[in-house]
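What the coordinates show
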There are 4 protein chains.
Amino acid sequence: MAFTSQTASRLEEQAIELPSWAFGNSGTRFKVFTQPGVPRDPFEKIADAAQVHKHTGLSPTVALHIPWDKVDDYAALREHAEDHGVALGTVNSNTFQDDDYKLGSLAHRDPTIRRKAIDHHLECIDIMDMTGSRDLKIWLADGTNYPGQDDMRGRQDRIAASLEEIYARIGDEQRLVLEYKIFEPAFYHMDIPDWGTSYAQVSALGERAVVCLDTGHHAPSTNIEFIVMQLLRLGKLGSFDFNSRFYADDDLIVGAADPFQLFRIIVEVIRGGGYGEEGDTAFMLDQCHNIEDKIPGQIRSVLNVQEMTARALLIDLPSLDAAQAAGDVLTANGTMMDAFYTDVRPDLATWRQERGLPADPIAAYAASGYQQKIAADRVGGTQAGWGA
Amino acid sequence: MAFTSQTASRLEEQAIELPSWAFGNSGTRFKVFTQPGVPRDPFEKIADAAQVHKHTGLSPTVALHIPWDKVDDYAALREHAEDHGVALGTVNSNTFQDDDYKLGSLAHRDPTIRRKAIDHHLECIDIMDMTGSRDLKIWLADGTNYPGQDDMRGRQDRIAASLEEIYARIGDEQRLVLEYKIFEPAFYHMDIPDWGTSYAQVSALGERAVVCLDTGHHAPSTNIEFIVMQLLRLGKLGSFDFNSRFYADDDLIVGAADPFQLFRIIVEVIRGGGYGEEGDTAFMLDQCHNIEDKIPGQIRSVLNVQEMTARALLIDLPSLDAAQAAGDVLTANGTMMDAFYTDVRPDLATWRQERGLPADPIAAYAASGYQQKIAADRVGGTQAGWGA
Amino acid sequence: MAFTSQTASRLEEQAIELPSWAFGNSGTRFKVFTQPGVPRDPFEKIADAAQVHKHTGLSPTVALHIPWDKVDDYAALREHAEDHGVALGTVNSNTFQDDDYKLGSLAHRDPTIRRKAIDHHLECIDIMDMTGSRDLKIWLADGTNYPGQDDMRGRQDRIAASLEEIYARIGDEQRLVLEYKIFEPAFYHMDIPDWGTSYAQVSALGERAVVCLDTGHHAPSTNIEFIVMQLLRLGKLGSFDFNSRFYADDDLIVGAADPFQLFRIIVEVIRGGGYGEEGDTAFMLDQCHNIEDKIPGQIRSVLNVQEMTARALLIDLPSLDAAQAAGDVLTANGTMMDAFYTDVRPDLATWRQERGLPADPIAAYAASGYQQKIAADRVGGTQAGWGA
Amino acid sequence: MAFTSQTASRLEEQAIELPSWAFGNSGTRFKVFTQPGVPRDPFEKIADAAQVHKHTGLSPTVALHIPWDKVDDYAALREHAEDHGVALGTVNSNTFQDDDYKLGSLAHRDPTIRRKAIDHHLECIDIMDMTGSRDLKIWLADGTNYPGQDDMRGRQDRIAASLEEIYARIGDEQRLVLEYKIFEPAFYHMDIPDWGTSYAQVSALGERAVVCLDTGHHAPSTNIEFIVMQLLRLGKLGSFDFNSRFYADDDLIVGAADPFQLFRIIVEVIRGGGYGEEGDTAFMLDQCHNIEDKIPGQIRSVLNVQEMTARALLIDLPSLDAAQAAGDVLTANGTMMDAFYTDVRPDLATWRQERGLPADPIAAYAASGYQQKIAADRVGGTQAGWGA
């Protein structure tokens, strides 16, 4: 139960990918509030992301979103990232912001539009080859708003066929990661609404096709850590999109809404072999900082994940197993809670200092003057955003 | 149980207000898809709304949204509406699209911003005086995204004080209507999240302050018709914002997701004395036609409300009461269902024809050529939308 | 769109299995209210179930629940059923009412208890051999109430191993049907909580292992007809447990809470090839008549399913497909709604009369005197119930 | 932020009432699992409850449930309690386990049954006079299962009239506490489903009528601490029924499902003046220990409430207020989280030792031999339970 050198060592295995779009403007359908200093291009987004890694040592890679992060020269972008101490990570496709996709993309009835959507994904893989990215993450906004609007079965079959063509182009060291979401932007049905559908689709593709679990994409009262357990058991938990929610897909700071749930999720990742060097499950953030500062918001987020990981690593596993085997419900639960209630923050401050990182990353960032600098420098141009 | 002349007569009492913004562009945070022929100013919105009334006889008034529908000359707008056979209705305030309101409006800690938000409402009442509107509808986007972000109690008190000032300016024939919503755009707490809060706030103001019930603004599994019953019992059901939802505040066509729920709601409105000439509860739509045609979408919506009203009027009340009194659960429920399952559409077609309206309003609108005309005429300019 | 002879003929393919336990007492954890005339043994339950079939022609089989319906002589029970014009159907196992199963059955850590639970299922198959039943339906109450209480992964693996042993004993003409449920009686996690888990488990077993979908066993706002579509697409929709819910697993009369949802479900069953002679998906009821009369409650239920099936058969499929292909959202949805809003009850009354059935089954049952007879006859003994 | 003598002193103000029924058998509608040593009468329940207080110093009173806890001699029961170091607390009425109440109690259409239900409450007040109880807690199971089953408005009016009669009998130092619940045991509507309804009802009665908030009785995603804030603001938060839930009214150990939510609730109680000597809000537990040991389950529960109270008392209020006033979202939220993440358990162990209590109450209870003693002694007789 103590924070040991082994705990410290296992924490070194942690890497949490940052989304480039978290540094751009975001908002709700009602309003996007802007902030001073917001990046105007992918290079500035990466510079901001690098600040998070600099102060925490936790986020060595940055995910891109195409076309939001399209550049003329990906080698230059890659070099820019490396110069800032980070690398380019997952490439996310986008088939929800073109007028052609109003009624669907990979599921569309019109083969021309389907072709366009497939080609977009092939282009993403081309970009992955240039950026050195391993994962192509596909989140489909496809769905319908009204019963009868389209044939759900036909759509599912067309998605399967489209994915097959995309998967055929994936390299041997690359993966296709299929995300699911229960609703939004479609309000009657989403074509990939749940883990079961994503699992059935990627299972039909092959070994390098896996599932992405976004913690905000479930029905109320879904037990998310159960899904983590099951997908790891089935060998298909490719990655996480971390964030937190009280109601729908709120995209709040991970751990802000239900820290105990985050703890339970990470417990299952570790237990199921998905964590760190032994595992193959990518940790990513997918959040909106609509009203709070973006860089500190990301710092807070990766720290939350690290803190919960530390707590999860503290569980007294032999005691837990013994209590479970004895059917001692209260002791087994109590063993979990002991780890959750342990305040790991002092140990993590030490862990950071021992690794040349600031004890208090948020204070260190605030003291660095970076925020003032970008607010002063980034004048003119168009702030990056979702482009809705 | 038959559709009688009395049914026909009671249906003549129905009026369903249309929202001007339903004719402009709308969408999700991901994308707003545009449509040809979308209005570019309030005058064109009213012309479109008048089409719905022309073909259905059900929507004699149009609600405005300030500042979206601000014009230089409200008398001209009023005359324009009358020329098109409709009148101006409810005025909706908007305190969610100004950078100042990022952390709140009537609830804001800063008295300057509160002042600005109060003044906006006073301006709305000035406009009401010019448009001849009865109702000022207030929906507050105020809330917080994170626990601790602000003091919820202080916010509630500031809203109470702000509303008091606004209410003092309301005319003797006018009403202040306070809407509630469980979440969005705020994701930890909304300041007016439920009917209880809205009721407590308007009760503190006075008789001409009432509640607006938006059918999409509740937690999953909330029994909405119960709230209708309760607010009518307490004398505080001012108006409806009709729409339908499968998940969150989906803003789909009313009756599209759960027609039986719409039926039950209208049953309670009639039973509670809120319907028609004897009642004081305004029926309004508040919907988004993100992917479907907007004018036919509104026609479909008012027809749905009328059809369910007709069904509700068909309930055999003496039989229902007798079964209830006898504790005969199956017969009582069966009496409700008999009315719901009755196909009133042929009778309503006749009803329309007898009143000089088209038997099939959707077909009549399609045949009118209006859609083609506006698509051809409305070229250039900026299409109206939510302005997010 | 008209009710044709083809509609009538397809309706003849319908069979809805009744649960023997629907005729016994049921209730909530707070109270079981008894009713006069409730059966005291499986023979009386079958006699009651036969009444439903007699008046509707829709329910030729009765599902058994072991041990609730254990008898000494299953051949006699089978003959008794046949004498009453019905047959014995699905056999349901029960591993939730023995003290040994407090912490699980097929998932239990203790091999002795697992053995006992497996043996119970083997005994059920023995009974199936005697009753001529095709399906063994397994609903596991297994789960945990507190995080950490047990290892979820280990439980999943133990269930897989247990099911494998049971499946090995299933005959060539028999099926293992695995039901899922999100919660209750376990409140932290259920071992088979969702269709994805049930699908993964039965897929590992083999072709004759399929999924049972109980319409009351999902998270709020789950799109159930999507799951119907997906399971049929994957060849794994074995059966339905029909009922309806407003909140949790309310077990109300099917179609009572959301008739439009029932319609959409049946639309997908037909579209996916699961209906009638071409299909392999069993329709069953699984309901509680806690406060309403039980036999009329079951009559009402099978009629609701038939009425929605008739509506679903009325959909103008060529028009629907054309509207979908044209991306005409309103017309496509309207085509669905036209069928839903059609009042099929007069045609179904005729359908019944043409087949020697009463036009109004509920009235006919009421007039038959059966209820009075069983209330008078069934005095003494212990009324059947869930035995909780 | 440090645990000071002032923190310690404020913690002394805490009292958490135990429910007598938590020591009896409980379960789900599927099965009640029994445990050795379960009390067989109210005297034994009180003896068990006294064990919780003995080891924690937190639970000086025990709530009774009538008729479950009916005795011939309440003076003797009171004396028995005092002998064990506790006092008798809230009296809970029960109108859900008599056949007469199948369709309602205070809301029933039949005046005879209403009379009976009112008289039951008058009898409860008689008992309160004998036990010295302050609060009459009323939870009504009244509701309907099917739309149309009864007239919801009429039921509401009858409840109002019934409560008026009960309230008239309440003594000057006594209170009527009205609980609300969204569903169960009724599945279409509950007559008192939400805080708004309970608030409207008790406001009509008078000052000594207040609301009881059971943390498990809300729709999914309801912000409970907002309701706490609002009811305290309106002067109507009479008491809590603490427990926790993942899905419905799971009645798990308080703090087990979402400890952060419990923290936020207590933060609002303290902020709103409801805590301790300055407040008037009673803390009670209302839980089921279906599978875990009952006495340790209650010890764990009161400790959870105390731990969260300690954390809530640690919030750096001046810093919080400053960050809120500055609109510094991240710092304000961070200030809350700092308190939540502080491990108060060592300080609380010291707090206990300084007051002559065991540092580890669960270990102390286990070492006391009490469990073994009651298991050995309480042989024969009928174990207490809900009596369903």
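Notes on the structure in this doc start here. All values reported here derive from a predicted model rather than from experimental measurement.

Another point: the interface of chain D and chain C. The interface of chain D with chain C comprises 45 residues on the first partner and 45 residues on the second. Of the roughly 4,200 Å² buried between chain D and chain C on both sides combined, carbon and sulfur atoms contribute 62%. The largest per-residue losses of area from chain D upon contact with chain C belong to D:Arg29, D:Phe30 and D:Tyr146, which jointly make up 21% of the total buried on that side. In this assembly, chain D and chain C are joined by 8 salt bridges. A salt bridge links D:Glu184 to C:Arg29; the nearest nitrogen and oxygen atoms lie 2.9 Å apart. Our enumeration of links across chain D and chain C arrives at 16 residue pairs in polar contact (both at pLDDT 80 or more). For the side of chain D that touches chain C, a count of residues per class yields 25 nonpolar, 9 polar and 11 charged.

Turning our eyes to something else, we now look at the nonpolar core. Within the largest apolar cluster, 393 residues are counted, with the highest numbers of intra-cluster contacts made by A:Leu176, A:Phe263, B:Phe263, C:Phe263 and D:Phe263. Aside from chain neighbours lying at most four places away, what touches C:Phe263 is C:Met308, C:Arg311, C:Ala312, C:Ile315, C:Met336, C:Ala339 and C:Phe340. Of all hydrophobic cores here, the second largest spans 80 residues; its members include B:Phe246, C:Leu252, D:Ile182 and D:Ala219.

Now for the pattern of salt bridges. Applying the stated criterion across every chain, the model contains 160 salt bridges over all chains. Across the pair A:Glu179 and A:Lys137 runs a salt bridge whose closest N-O atoms are separated by 3.6 Å. Of this pair, A:Glu179 sits in strand β6 (residues 175-179) while A:Lys137 sits in strand β4 (residues 135-138); the two residues are 42 residues apart in sequence, bridging distant segments of the chain. Judged by relative accessible area, A:Glu179 falls into the buried class, the value being 3%. According to the relative accessible area criterion, A:Lys137 is buried, its value standing at 2%. A single salt-bridge network, built from bridges that share partners, covers A:Arg109, A:Asp150, A:Arg155, A:Arg158, A:Asp191 and C:Asp321.

Turning our attention to the sheet that holds strand β1 (residues 16-19) of chain D. Residues and elements named next belong to chain D. Sheet architecture is closed into a barrel: 8 strands sit in the order β1-β2-β3-β4-β6-β8-β9-β10, paired in parallel fashion. Each strand of the sheet is rotated relative to its neighbour by a mean of 30 degrees, with strand direction disregarded. Alignment of strand β4 (residues 135-138) against strand β6 (residues 175-179), held across 4 bridges, turns out to be parallel. Counted as the bridge partner of Leu136 is Leu176 from β6.

Residue and element names in this part refer to chain B. Read around the closed barrel, 8 strands run β1-β2-β3-β4-β6-β8-β9-β10, paired in parallel fashion. Each neighbouring strand pair of the sheet contributes to a mean axis angle of 30 degrees, computed without reference to strand direction. As paired strands, strand β2 (residues 61-65) and strand β3 (residues 87-92) are joined by 4 bridges and run parallel to one another. Along β3, the bridge assignment pairs Leu64 with Val91. Relative to strand β8 (residues 209-214), helix α6 (residues 195-205) is tilted by about 160 degrees, and along the sheet it contacts β6 (175-179) and β8.

Conventions adopted
Residues numbered from 1 in each chain as written. Chains lettered and ligands numbered in written order. Predicted model: local features only at pLDDT ≥ 70, side-chain atom pairs only at ≥ 80, totals over all residues. Heavy atoms only, no water. Contact = heavy atoms within 4.5 Å. Buried area = accessible area lost by both parts, 1.4 Å probe. Salt bridge = Lys/Arg side-chain N within 4 Å of Asp/Glu carboxyl O. Polar contact = N/O pair within 3.5 Å; in protein donor to acceptor, adjacent residues only side chain to side chain. Nonpolar A, V, L, I, M, F, W, Y, C, P; charged D, E, K, R; others polar. Core = buried A, V, L, I, M, F, W, Y, C linked by side-chain atoms within 4.5 Å. Buried < 20%, exposed > 50% of the residue type's maximum accessible area, 1.4 Å probe, protein only. Helix = DSSP H or I, 4+ residues; strand = E, 2+ residues; numbered from the N terminus. Pairing = 2+ DSSP bridges. Axes fitted to C-alpha atoms, helices over the stretch in contact; angles between N-to-C directions.

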